[in-house]
Every structure is written in structure tokens, then in C-alpha cells.
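# Architecture and fold: a report
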Amino acid sequence: QVQLVESGGGLVQAGGSLRLSCAASGRTFSSLFMAWFRQAPGKEREFVAALSSSSGITSHADSVKGRFSISRDNAKNTVYLQMNSLKPEDTAVYYCAATVGTRLARMMFQGEYRYWGQGIQVTVSA
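Residues numbered from 1 in each chain as written. Predicted model: local features only at pLDDT ≥ 70, side-chain atom pairs only at ≥ 80, totals over all residues. Heavy atoms only, no water.

### Remarks on the environment of serine 63
Selection criterion: Secondary structure elements are taken from DSSP: a helix is a run of H or I of four residues or more, a strand is a run of E of two residues or more, and numbering for both begins at the N terminus. Throughout, exposure labels follow a simple rule: accessible area from a 1.4 Å probe, protein chains only, divided by the maximum for the residue type, with under 20% read as buried, over 50% as exposed, and the rest as partly exposed.
Examined against the element boundaries, serine 63 turns out to sit in the loop between strand 6 (58-60) and strand 7 (68-73). On the accessibility criterion, serine 63 (41% relative accessible area) is partly exposed. The spacing of serine 63 and phenylalanine 47 is 16 residues in sequence and 9.7 Å in space, taken between C-alpha atoms.

Laid out in C-alpha cells, this is it:
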């Protein structure tokens, strides 16, 4: 069992930055693949970024590549999403997700993730 709690969301102007955090508990954090997904009103939940459990290999959606970066601090049992150059279309509820294992090529599929946080709002104003 894994529990995930997101923090760091809020309101920011276009062009600004935010850093989301996701604190994990319940099992060895370093063994988990971690990911971020987001869902805007009226839209399907979509992949944002993922990070492997051991190699540090990351994957980012084309829509955020070069602006967002996923990272982890195993000593703090926390995964981060650094969001720079934010755009109004980034406005969404952001969800942290975890799984005990998957293939690198499958990290972007939400069906791979067993554990989910409650979601946190990010709003970007023009």
C-alpha cells in the first residue's frame, strides 16, 4: 500500500513558475516508478511526466517538454514537478501517481499506476 499527498499548487501568472511536491509513504519509495498526470475541465486525464524507480530515466509529454521537469529525492520520499514558463492551457488538476514496477516504454500510460494522490489545482492566468 502506498499513500501519496500532493502540495505546492496555486495561482500563477503566465510565464511564471511553480513546483509541485508529492510525498509518499507506505513502502520503500526508491522502488517506485513515479508520474504526474493532469486533467483540465471537460477533458480526459493526460500524461505529464514520469520517472523510473532506479535508473533516473524520465519521460515528458510533448506539450510540456522543455518547460516542466520531474525529479525525486529518495531521502525525503518525495517526487517533484518543476513547472516553468507556465501557460493558461496548463491550468488543470495535477495528480501524482506511483507503481511498484513497469516498463520504461509504458511509463506514460495511466493504467500502469496503482496508487494515486488526491489531486491539486494549478491555475495559470493570462
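### Structural notes on the nonpolar core
In summary, soluble globular proteins display a tendency toward joint burial of nonpolar side chains. Counted only if it meets this: The nonpolar core is taken to be a set of buried Ala, Val, Leu, Ile, Met, Phe, Trp, Tyr and Cys residues, with the residues joined through side-chain atoms within 4.5 Å. Any two residues whose heavy atoms approach within 4.5 Å are treated as being in contact.
Counting residues in each nonpolar core, the largest one holds 39 residues, and the members touching the most others are Leu4, Met34, Trp36, Leu81, Met83 and Tyr94. Elements with a contribution of two residues or more to this core: strand 3 (18-25), strand 4 (33-39), strand 5 (46-51), strand 7, strand 8 (78-83), strand 9 (92-99) and strand 11 (120-125). In this structure, methionine 83 is in contact with Gly16, Ser17, Leu18, Leu20, Arg67, Phe68, Tyr94 and Val122, ignoring residues within four places of it in sequence.

### What to know about the state of the cysteines
Rule in force here: Two cysteine sulfurs form what is called a disulfide whenever their separation falls within 2.5 Å.
Counting across every chain of the model gives one disulfide. Across the disulfide, cysteine 22 is cross-linked to cysteine 96 (sulfur-sulfur distance 2.0 Å). Where cysteine 22 bonds to cysteine 96 through sulfur, the torsion about that S-S bond is close to -85 degrees, and the disulfide is left-handed. Pair noted here: cysteine 22 is in strand 3 and cysteine 96 is in strand 9, with a separation of 74 residues, a long-range link. With a relative accessible area of 0%, cysteine 22 lands in the buried category. The class of cysteine 96 is buried, set by a relative accessible area of 0%.

### Section: the packing of aromatic side chains
How we decide: Side-chain rings of Phe, Tyr and Trp, where Trp is taken by its six-membered ring, are said to pair if the distance between their centres is within 6.5 Å; with planes under 30 degrees apart they count as stacked, over 60 as edge-to-face, and otherwise as tilted. In this analysis the charged atom, NZ for Lys or CZ for Arg, is taken to sit over a ring once it is within 6 Å of the ring centre and within 35 degrees of the ring normal.
Tallied over the entire structure, the rule returns three aromatic pairs. Arranged with centres 5.7 Å apart and planes meeting at 70 degrees, the rings of phenylalanine 37 and phenylalanine 47 form a pair that is edge-to-face. Separated by ten residues along the polypeptide, phenylalanine 37 in strand 4 and phenylalanine 47 in strand 5 bring together distant segments of the chain. Judged by centre distance (5.6 Å) and plane angle (70 degrees), the ring pair of phenylalanine 37 and tyrosine 113 falls under edge-to-face. Residue phenylalanine 37 is found in strand 4, and its partner tyrosine 113 is found in the loop between strand 9 and strand 10 (115-116); the two are separated by 76 residues along the sequence. Classification of phenylalanine 37 as buried rests on a relative accessible area of 1%. Classification of tyrosine 113 by relative accessible area gives buried; the value is 5%. Through pairs of rings, three or more aromatic residues link up here, namely Phe37, Phe47, Tyr113 and Trp116. Cation over ring: arginine 45 sits above tryptophan 116, and NZ or CZ is 4.9 Å from the ring centre.

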